[in-house]
Amino acid sequence: MTKKIIDGILKDWGERLYYSPVKGQKGKNIRSGGARKPATAAPKPSAPATREKVARTAKKVPEVMVKISGGGKNMQHIKAHMDYISRNGELEIEDENGDVHLGKEAVRDVRDAWAKGKIGIPYEGEKRKEAFNIILSMPAGTDRQAVKDAARAFAIGQFSNHQYLFASHEDEKHSHVHLVVKAVDHDGIRLNPRKGDLQYWREQFAENLRDHGIVANATPRKVRGIVRKPEKQAVKHINREFEAGKRKAPARVTEAQRNEAALEAATGVKRANPAQDNISASRKKSQKAYGQIARALVTGGPEDKQLALDVTRFVQQMPAIRTQHQELVESERKRLEREAAKQVTQEQGRAVPGIDKTR
């Protein structure tokens, strides 16, 4: 095949793998009361960009993380988060104008500027989210200054019409930046991020990192063969407190999952699991797309042939599909087997004279 044809195939199948159109709508203009505006779809990647992404994915380049960790519904909440990311004024925080603030009084001044802006924020009350807390991070070992510079470029590119602050935290292994963005921009449009927006933000942050010399990628979990979603922070927090004896029970969702697994392990009756079917279907689609890409690349030059080999190996090394429910069921079955074996041993001990029955 010619390079043009190969690029066309890569672009077509690459879009199916990686492209996530932004769905939903932008927030309502609260100043004018205007109707919600449709969200602007992220631009589709070019053929060269798709080729580069396929190569980064096959080589398992580090993936960026962009996560909305919460957000304040009043100025009291927002001030508390500003205190947290600035370590109560001990760390520098930078705003949308590039101004750096240091110290408790400086943080207080920023808080007042947000509260008394064109569209103010009440000190109390929880009517709606007035700010979004965003975390931008990379794995341990990534150059921290580059991550901070990339985060600055990301904020400028995505939130230039908003008030925002960011701070780099250096006291943990992984490099990360906390960004807090005022929900309503200067034109009165309320930020209304959706799942597609988050993926687009990941794409942009990865590009910003590459611009600063850090090799980074931003692909959906499913195209990397990862089927389990990370546990929500709130659930983790509740379960940690339960394990520490500070709560009477684990998170409700965790307890329900364990009960379902215990029932399946005890009865042998598998529960209906639409999520499992969806995961299997998604894996097949990804494998088909990678297969089409590899078959096109293998007809090209030496570099394309090598990339075809890399893609093939990547697919072969994808982890087996294994959901959390399956792991819980297997763990419960092993527990039941141990209990049964223990009971048999005890019964045998009672049946043979001279064996200490207390053991």
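What counts as what
- Residues numbered from 1 in each chain as written.
- Predicted model: local features only at pLDDT ≥ 70, side-chain atom pairs only at ≥ 80, totals over all residues.
- Heavy atoms only, no water.
- Helix = DSSP H or I, 4+ residues; strand = E, 2+ residues; numbered from the N terminus.
- Buried < 20%, exposed > 50% of the residue type's maximum accessible area, 1.4 Å probe, protein only.
- Contact = heavy atoms within 4.5 Å.
- Areas by Shrake-Rupley, 256 points an atom, 1.4 Å probe, with all protein chains shown as cover.
- Salt bridge = Lys/Arg side-chain N within 4 Å of Asp/Glu carboxyl O.
- Core = buried A, V, L, I, M, F, W, Y, C linked by side-chain atoms within 4.5 Å.
- Pairing = 2+ DSSP bridges.
- Axes fitted to C-alpha atoms, helices over the stretch in contact; angles between N-to-C directions.
- Parallel < 35°, antiparallel > 145°, perpendicular 65-115°, else oblique.
- Left-handed = near helix turned anticlockwise from the far one by under 90°.
- Nonpolar A, V, L, I, M, F, W, Y, C, P; charged D, E, K, R; others polar.
- Phe/Tyr/Trp six-rings, centres within 6.5 Å; stacked < 30°, edge-to-face > 60°.
- Lys NZ or Arg CZ within 6 Å of the ring centre and 35° of its normal.

**Q** Kindly report on the overall build of the protein chain, identifying the contributing residues and their values.
**A** Each helix and strand in the protein chain was counted, giving eleven helices and six strands. Buried positions account for 41% of the 359 residues belonging to the protein chain. Pairs at least 24 apart in sequence give 73% of the contacts found in the protein chain among residues at least 6 apart. Carbon and sulfur atoms make up 51% of the accessible area of the protein chain, which amounts to about 20900 Å² in all.

**Q** Lay out the pattern of salt bridges in plain terms, naming residues and giving numbers.
**A** Think of it this way: side chains of opposite charge can pair up when their charged atoms draw near. Taken as a whole and assessed by the stated rule, the structure comprises 18 salt bridges. Counted as one network, the salt bridges with shared partners bring together Lys3, Asp7, Arg51 and Asp304.

**Q** Describe unusual backbone geometry, naming the residues involved and giving the relevant values.
**A** One non-glycine residue with positive phi stands out, namely Arg87, at about 50°. For Arg87, a relative accessible area of 24% corresponds to the partly exposed category. Of note, the phi angle at Asn88 is positive, near 55°, even though the residue is not glycine. For Asn88, the position within the fold is in the loop between helix H3 (75–85) and strand E2 (93–95). Exposure remark for Asn88: the relative accessible area of 47% places this residue in the partly exposed category.

**Q** Please give an account of the nonpolar core that cites residues and values.
**A** Membership of the largest hydrophobic core comes to 27 residues, with the highest contact counts inside it found for Val64, Ile134, Phe159, Leu179, Phe205 and Leu209. At the level of secondary structure, the elements contributing two or more residues to this core comprise strand E4 (131–140), helix H5 (144–159), strand E5 (164–169), strand E6 (174–182) and helix H6 (195–211). The element contributing the most residues to this core is H5, with seven residues. Beyond its immediate chain neighbours, meaning those up to four positions away, Val64 contacts Ser137, Met138, Arg202, Phe205, Ala206, Leu209, Ala216, Asn217 and Ala218. Counting residues in hydrophobic clusters, the runner-up holds 22 residues, among them Ile6, Val223, Leu307 and Val311.

**Q** Quick rundown of the sheet that holds E5? Include the residues and the values.
**A** On the basis of which strands lie adjacent, the open sheet formed by six strands has the order E1-E4-E6-E5-E2-E3 and antiparallel pairing. Unpaired on one side and paired on the other, strand E1 (65–70) and strand E3 (100–101) mark the two borders of the sheet. Across two bridges, E2 lies against E3 in antiparallel orientation. From the neighbouring strand, Glu94 faces E3, where its bridge partner is Val100. With respect to the sheet, H6 is in contact with E1 and E4, its orientation differing from that of E1 by roughly 130°.

**Q** So what's going on with the packing of helix H8 (residues 252–267) against helix H11 (residues 324–351)? Residues and values would help.
**A** For the pair H8 and H11, interaxial distance at closest approach is 8 Å and the crossing angle is 55°. Classed by the angle they form, the pair H8 and H11 counts as oblique. Once H8 is placed against H11, the crossing between them reads as right-handed. Contacts between H8 and H11 involve Gln257, Arg258, Glu260, Ala261, Ala262, Glu264, Ala265 and Ala266 from the former and Gln324, His325, Leu328, Val329, Glu332, Arg333 and Leu336 from the latter. Residues of the contact of H8 with H11, tallied by class, amount to seven nonpolar, three polar and five charged.

**Q** A description of the packing of aromatic side chains should follow, citing residues and the corresponding values.
**A** All told, the structure shown has five aromatic pairs when counted by the stated rule. Ring centres of Phe159 and Trp201 lie 5.3 Å apart, and the angle between their planes is 80°; on these two criteria the pair is classed as edge-to-face. Here Trp201 lies in helix H6 and Phe159 lies in helix H5, a separation of 42 residues in the sequence. Between Tyr290 and Phe314, the aromatic rings sit 5.6 Å apart at their centres with planes inclined by 70°, giving edge-to-face as the arrangement. Of this pair, Tyr290 sits in helix H9 (residues 274–297) while Phe314 is found in helix H10 (residues 302–316), placing the two residues 24 residues apart along the sequence. Residue Phe314 is classed as buried on the basis of its relative accessible area, which comes to 5%. Ring pairing ties together the aromatic residues Phe154, Phe159, Trp201 and Phe205, which thus form one cluster. Over the face of the ring belonging to Trp13 we find Arg16, whose NZ or CZ atom lies 3.9 Å from the ring centre.

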